[in-house]
Number of protein chains: 6
Amino acid sequence: MATLGFVEYENASSEVRAVYDDIMATRKTEWVNNFWKAIAHDPVTLKRTWEDVKQIMAPGALDPLTKEMTYLAVSVSNQCAYCIASHTAGARKKGMTDDMFKELMAVVGMANETNRLVSGYQVEIDEQFKV
Amino acid sequence: MATLGFVEYENASSEVRAVYDDIMATRKTEWVNNFWKAIAHDPVTLKRTWEDVKQIMAPGALDPLTKEMTYLAVSVSNQCAYCIASHTAGARKKGMTDDMFKELMAVVGMANETNRLVSGYQVEIDEQFKV
Amino acid sequence: MATLGFVEYENASSEVRAVYDDIMATRKTEWVNNFWKAIAHDPVTLKRTWEDVKQIMAPGALDPLTKEMTYLAVSVSNQCAYCIASHTAGARKKGMTDDMFKELMAVVGMANETNRLVSGYQVEIDEQFKV
Amino acid sequence: MATLGFVEYENASSEVRAVYDDIMATRKTEWVNNFWKAIAHDPVTLKRTWEDVKQIMAPGALDPLTKEMTYLAVSVSNQCAYCIASHTAGARKKGMTDDMFKELMAVVGMANETNRLVSGYQVEIDEQFKV
Amino acid sequence: MATLGFVEYENASSEVRAVYDDIMATRKTEWVNNFWKAIAHDPVTLKRTWEDVKQIMAPGALDPLTKEMTYLAVSVSNQCAYCIASHTAGARKKGMTDDMFKELMAVVGMANETNRLVSGYQVEIDEQFKV
Amino acid sequence: MATLGFVEYENASSEVRAVYDDIMATRKTEWVNNFWKAIAHDPVTLKRTWEDVKQIMAPGALDPLTKEMTYLAVSVSNQCAYCIASHTAGARKKGMTDDMFKELMAVVGMANETNRLVSGYQVEIDEQFKV
């Protein structure tokens, strides 16, 4: 039920409803997922987080699918169950196929492995890589 | 200098040299970076890790640049300094522009933020996201 | 049921009961939560952990509520579900209001975001911050 | 030197200067630390991040010192060297004494320890803690 | 049910069955656990991961029990619930007693605590420890 | 120089000296490493941490080398540079050979990889593994 429970649309203030409406319009859906309803108890955080997500995930130098898969990759690496479930759904909606998912997971797994081989062997940064 | 030091090409066994040669041929470079030279003290790990990386990072359903940026995203999230330096260089070589880098970092930062808002508010997974 | 199950008061050794009694007396409660009952199979770890927690969480330069909220912040950042549930309850008992909780979560989220922007952009420590 | 280098005030656009000016005015300092100068290559991220930090770290239900110490606690837990250096300085400026620092570190260490005892023993959430 | 569901033996390709057969033969069991059945949708990843695990976990300079307990220690530190459950079972099968488990957990907890005291106090590496 | 600097033996209180003496006697060395000298500004934390480490790392159901390698494995997984340097030295002193080190690193890397494959594929815990 989440720490503070969920703010459902019918009980939401006009301020919260405006964010919910924008989420649904932007995503072309007719529902709002639990994350937003959980943080809506803090309308300032709700609005700031949504505005940030909307700005960051918009098409730019990277396409929305690449961004969504990056979001998923980070969530998998952090092992956040909710985030993995929601961003797997989000990435699929934006076009992630099963083959893309499988390759993405392979990269995330490999990166986590070599990140530790690097630290374990105390590898120094090559001069060529220094900025 | 790394825990066990580096295995330089001139001192390497033929087994290790074969991996080094394949790394340079695959990457079209004339040098091998410290990571491989550090783990080359364990030729079995060197060979297995390189074969895995080569297989995973090859073009497939995802293009090599997307894979390299995902590798970078995970390394940034894990805060592995060596990995960030080497995969930033790797991604640039594969075509990552400054604008792509900036957007990638924005997504990684945002994902790390909302991963914690989710856990902090103890958000339950929506029925729609369950597999 | 936890890896080794729980040691209930009625089945506990006098050594374990002494710790349970001290936990309940210190916290002014009439029950012991699962964490302690799970590690009680190792009475040495039970006693050491409890003595450490009691010492560290006692009032000092920081008040007990600030300490409990810090404990919660770390648990949220680490995404430890049990710890988040127990320390949210603990912090509320010590006076954390909903508004304090919301602001705490906002800080934890933000810190996790900028921690990654810092690593991703490979920011060097300013001379002014060096110790 | 940071991945993209630093944007110094004298070379900054008016858009970036406006953020730098606000940082210095808000913090009552005459310099801008490397973090902001590193991300200033992305003025949108610079502005968004600063506005977010300013909003989140302002006095509210939690005082600025408690917020700054929470930021430090998370950074320590994540082992982000730059963030630890900068937020230690920030917390001291807001009033953190050595004794407060020591107690804060003790809590962060303890929380990281028990977070793993909990996961290792596979402890179930108590009914009393469920929301 | 896992993101892509499970590939059961009776529906598996001969390529996947060959890996399943080798897992069961190597482990002297008559079943394959969910992890392998979940990633079997990607036969390349299934085969690579199993070959790697088999190579790495084989007896060598370290005995299989020490390796399995190390695997468990890392999984506990990362708080991966599935991995903790499966590697606790695996370690027990290889001879981990309750007393060994308890001491292992104590070390994992302590390491996580001092890792943060080290970062929090910004401790420099001693000359004696440099490689 | 560490946040609060180091407490050298000649400037230490008798309370701190007693801990330093015990560290050197227990480890059969003639010096105290930076970690202890950094936290010695907080004698309570110094004493508690040392007593805990001494108790946990003593021979028991697990031998001291296995414990030290576990400590190293966790530190590598957490990417704590100081801890990796100090516990690599510690493990070698207790008998870790280069071959043992290499195998240990391979296990740590692999565990970090499969921990993420598990979370990414959202694998459910097998009935057989439930406690």
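Please read all numbers here as calculations on a predicted model, not as lab measurements. (Residues numbered from 1 in each chain as written. Chains lettered and ligands numbered in written order. Predicted model: local features only at pLDDT ≥ 70, side-chain atom pairs only at ≥ 80, totals over all residues. Heavy atoms only, no water.)

Asker: Can you help me understand the overall build of chain A in this one?
Answerer: Looking only at helices and strands, chain A features six helices and zero strands. By the compact-globule yardstick of 14 Å for 131 residues, chain A is too spread out, its C-alpha radius of gyration being 18 Å. Projected onto its principal axes, the C-alpha coordinates of chain A cover approximately 55 × 30 × 30 Å. For chain A, the residues scored as buried account for 65% of the 131 residues in total. In chain A, the proportion of contacts linking residues at least 24 apart, taken out of those at least 6 apart, comes to 50%. Of the roughly 4,700 Å² of accessible surface on chain A, 53% is carried by carbon and sulfur atoms. Seen as two clouds, the 14 positive and the 18 negative side-chain charges of chain A have centres 4 Å apart. (Helix = DSSP H or I, 4+ residues; strand = E, 2+ residues; numbered from the N terminus. Rg over C-alpha atoms; globule rule 2.2 N^0.38 Å. Buried < 20%, exposed > 50% of the residue type's maximum accessible area, 1.4 Å probe, protein only. Contact = heavy atoms within 4.5 Å. Areas by Shrake-Rupley, 256 points an atom, 1.4 Å probe, with all protein chains shown as cover. Lys, Arg positive; Asp, Glu negative; His and termini not counted. Charge placed at Lys NZ, Arg CZ, Asp CG, Glu CD.)

Asker: I would appreciate a short explanation of the packing of aromatic side chains in the present structure.
Answerer: When we look at a pair of aromatic rings, we describe it by the centre distance and by the angle of the planes. Scanning the model with the defined rule gives 36 aromatic pairs over all chains in all. With centroids separated by 5.1 Å and ring planes inclined at 70°, the aromatic side chains of F101 of chain A and Y121 of chain F adopt a geometry described as edge-to-face. Taken together, the residues F101 of chain A in helix 6 (residues 98-120) and Y121 of chain F in the segment after helix 6 (98-120) connect one chain to another. One exposure class covers both F101 of chain A and Y121 of chain F, and it is buried. (Phe/Tyr/Trp six-rings, centres within 6.5 Å; stacked < 30°, edge-to-face > 60°.)

Asker: It is not clear to me how the relation of the copies chain B and chain F should be interpreted in this structure. Could you clarify?
Answerer: When chain B is fitted to chain F, the best match, at an RMSD of 0.0 Å, comes from turning it 120° and sliding it 0.0 Å along the axis. Such a combination of turn and shift is consistent with a three-fold rotation axis. When you check the interface residues of chain B against chain F, a mere 10% turn up at the interface there too, and the two sides of the contact use different surfaces. (Least-squares fit on C-alpha atoms with pLDDT ≥ 70 in both.)

Asker: I tried to follow the relation of the copies chain C and chain D on my own but got confused; where do I start?
Answerer: Rotating chain C by 180° and translating it 0.0 Å along the rotation axis places it on chain D, where the RMSD comes to 0.0 Å. Expressed as a symmetry operation, the mapping of one chain copy onto the other fits a two-fold axis. A high fraction, 100%, of the interface residues of chain C reappear at the interface in chain D, so the copies pair face to face through one surface.

Asker: Sorry if this is basic, but what is going on with the interface of chain C and chain D here?
Answerer: Interface size, as often reported, equals the accessible area lost upon joining of the parts. Every contact between the two is made by 61 residues of chain C and, on the other side, 62 residues of chain D. In total, chain C and chain D occlude about 5,800 Å² of area from one another, counting both sides; carbon and sulfur atoms represent 69% of this. Inspection of the chain C/chain D interface yields two salt bridges. Summed over the shared surface of chain C and chain D, the result is 28 residue pairs in polar contact (both at pLDDT 80 or more). Contributions of two or more residues to the side of chain C that touches chain D are made by helix 2 (34-39), helix 3 (43-57), helix 4 (64-78), helix 5 (81-93) and helix 6 (98-120) of chain C. With 16 residues, the top contributor of residues to the side of chain C that touches chain D is helix 6 of chain C. Residues that form the side of chain C that touches chain D fall into these classes: 36 nonpolar, 17 polar and eight charged. (Buried area = accessible area lost by both parts, 1.4 Å probe. Salt bridge = Lys/Arg side-chain N within 4 Å of Asp/Glu carboxyl O. Polar contact = N/O pair within 3.5 Å; in protein donor to acceptor, adjacent residues only side chain to side chain. Nonpolar A, V, L, I, M, F, W, Y, C, P; charged D, E, K, R; others polar.)

Asker: Please clarify how the environment of L4 of chain C should be interpreted in this entry.
Answerer: Here L4 of chain C is to be found in the segment before helix 1 (14-27). Accessibility expressed as a relative area gives 15% for L4 of chain C, which makes it buried. Taking the C-alpha atoms as reference points, L4 of chain C and G95 of chain C, 91 residues apart in sequence, are found 34 Å from one another. In this structure, L4 of chain C is in contact with H41 of chain C, Y121 of chain D together with R92, D98, F101 and K102 of chain E, ignoring residues within four places of it in sequence.

Asker: Is there a simple way to think about the pattern of salt bridges in this case?
Answerer: When the charged atoms of two side chains with opposite charge come close together, those side chains can pair. For the structure on display, the rule yields 48 salt bridges over all chains. E68 of chain B serves as the salt-bridge partner of K94 of chain B, at 2.8 Å between the closest nitrogen and oxygen. Of this pair, K94 of chain B sits in the loop between helix 5 (81-93) and helix 6 (98-120) while E68 of chain B sits in helix 4 (residues 64-78), placing them 26 residues apart in sequence. With relative accessibility at 36%, the residue K94 of chain B sits in the partly exposed group. With a shortest N-O distance of 3.0 Å, K130 of chain C and E127 of chain C are connected by a salt bridge.

Asker: Would you mind going over the interface of chain B and chain F with me for this structure?
Answerer: In this complex, chain B contributes ten residues to the contact, which on the side of chain F involves eight residues. For the pair chain B and chain F, the summed buried surface comes to about 780 Å²; carbon and sulfur atoms form 53% of the total. On the chain B side of the contact with chain F, T3, L4 and D42 of chain B bury the most area, a combined 49% of that side's loss. Joining chain B to chain F, the criterion identifies two residue pairs in polar contact (both at pLDDT 80 or more). Classifying every residue of the side of chain B that touches chain F gives three nonpolar, five polar and two charged.

Asker: What exactly am I supposed to notice about the state of the cysteines here?
Answerer: All names here are of chain A. For the structure on display, the rule yields six disulfides over all chains. In this model, C80 is linked to C83 through a disulfide, with the two sulfur atoms separated by 2.1 Å. A torsion of 45° about the S-S bond marks the disulfide between C80 and C83 as right-handed. An identical accessibility class is assigned to C80 and C83; each is buried. (Disulfide = S-S within 2.5 Å.)

Asker: Please explain the packing of helix 6 of chain A against helix 4 of chain B as it appears in this structure.
Answerer: Packed helices, taken two at a time, are described by the angle between their axes plus the distance between the axes. At a minimum axis distance of 9 Å, the contact between helix 6 of chain A and helix 4 of chain B shows a crossing angle of 45°. Judged by the angle between their axes, helix 6 of chain A and helix 4 of chain B are oblique. For the crossing formed where helix 6 of chain A meets helix 4 of chain B, the hand is right-handed. Taken together, the residues of helix 4 of chain B that come into contact with helix 6 of chain A (itself represented by E103, L104, V107, V108, M110, A111, N112, T114, N115 and R116 of chain A) are K67, T70, Y71, V74, S75 and N78 of chain B. Of the residues that constitute the contact of helix 6 of chain A with helix 4 of chain B, the class distribution is seven nonpolar, six polar and three charged. (Axes fitted to C-alpha atoms, helices over the stretch in contact; angles between N-to-C directions. Parallel < 35°, antiparallel > 145°, perpendicular 65-115°, else oblique. Left-handed = near helix turned anticlockwise from the far one by under 90°.)

Asker: Looking at this model, I keep getting lost on the environment of I39 of chain D. Mind explaining?
Answerer: Position of I39 of chain D among the secondary structure elements: in helix 2 (residues 34-39). With 24 residues separating them in the primary sequence, I39 of chain D and E15 of chain D have C-alpha atoms 13 Å apart. Those residues within four positions of I39 of chain D in sequence are excluded, and the remaining contacts are Y121 of chain C together with T45, L46 and T49 of chain D.

Asker: Which parts of the structure should I look at to understand the side chain of D52 of chain A?
Answerer: Tracing the chain through its elements places D52 of chain A in helix 3 (residues 43-57). Salt bridges are absent for the buried D52 of chain A, whose nearest opposite-charge side chain, R48 of chain D, sits at 4.4 Å. Those residues in contact with D52 of chain A that sit more than four places away from it in its chain are M110 of chain B together with R48 and D52 of chain D.

Asker: Explain unusual backbone geometry to me, please; I cannot follow it from the model alone.
Answerer: Backbone geometry follows two general trends: most residues other than glycine have a negative phi, and most peptide bonds adopt the trans configuration. Residue and element names in this part refer to chain C. For Q79, which is not a glycine, the phi torsion comes out positive at approximately 60°. When you line up the elements, Q79 lands in the loop between helix 4 and helix 5. Relative accessible area serves as the criterion here: at 15%, Q79 is assigned to the buried category.

Asker: Any chance you could explain helix 5 of chain C here in plain terms?
Answerer: Each full turn of the α-helix corresponds to 3.6 residues, which orients residues three or four apart in the same direction. End to end, helix 5 of chain C covers 19 Å across 13 residues, agreeing with the expected 18 Å (1.5 Å per residue, within 8%). Residues of helix 5 of chain C that are buried sit in contact with helix 6 of chain B, helix 2 and helix 4 of chain C together with helix 6 (98-120) of chain D. Of the residues one or two after helix 5 of chain C, G95 of chain C is the one with positive phi, at around 115°. (Expected span 1.5 Å × (residues − 1).)

Asker: Can you help me understand the environment of D42 of chain D in this one?
Answerer: With respect to the helices and strands, the residue D42 of chain D is situated in the loop between helix 2 and helix 3 (43-57). Residue classification places D42 of chain D among the buried residues on the basis of a relative accessible area of 11%. As for D42 of chain D and V16 of chain D, which are separated by 26 residues in sequence, their C-alpha atoms are 9.3 Å apart. Once residues within four sequence positions are removed from consideration, D42 of chain D is found in contact with K102 of chain B together with Y121 of chain C.

Asker: Help me out: how do you make sense of the side chain of E103 of chain F in this one?
Answerer: Here E103 of chain F lies in helix 6. Within the structure, E103 of chain F has its side chain in polar contact with the backbone nitrogen of A61 of chain E (distance 2.8 Å). With sequence-adjacent residues up to four places away left out, E103 of chain F is seen in contact with G60, A61, L62 and K67 of chain E.

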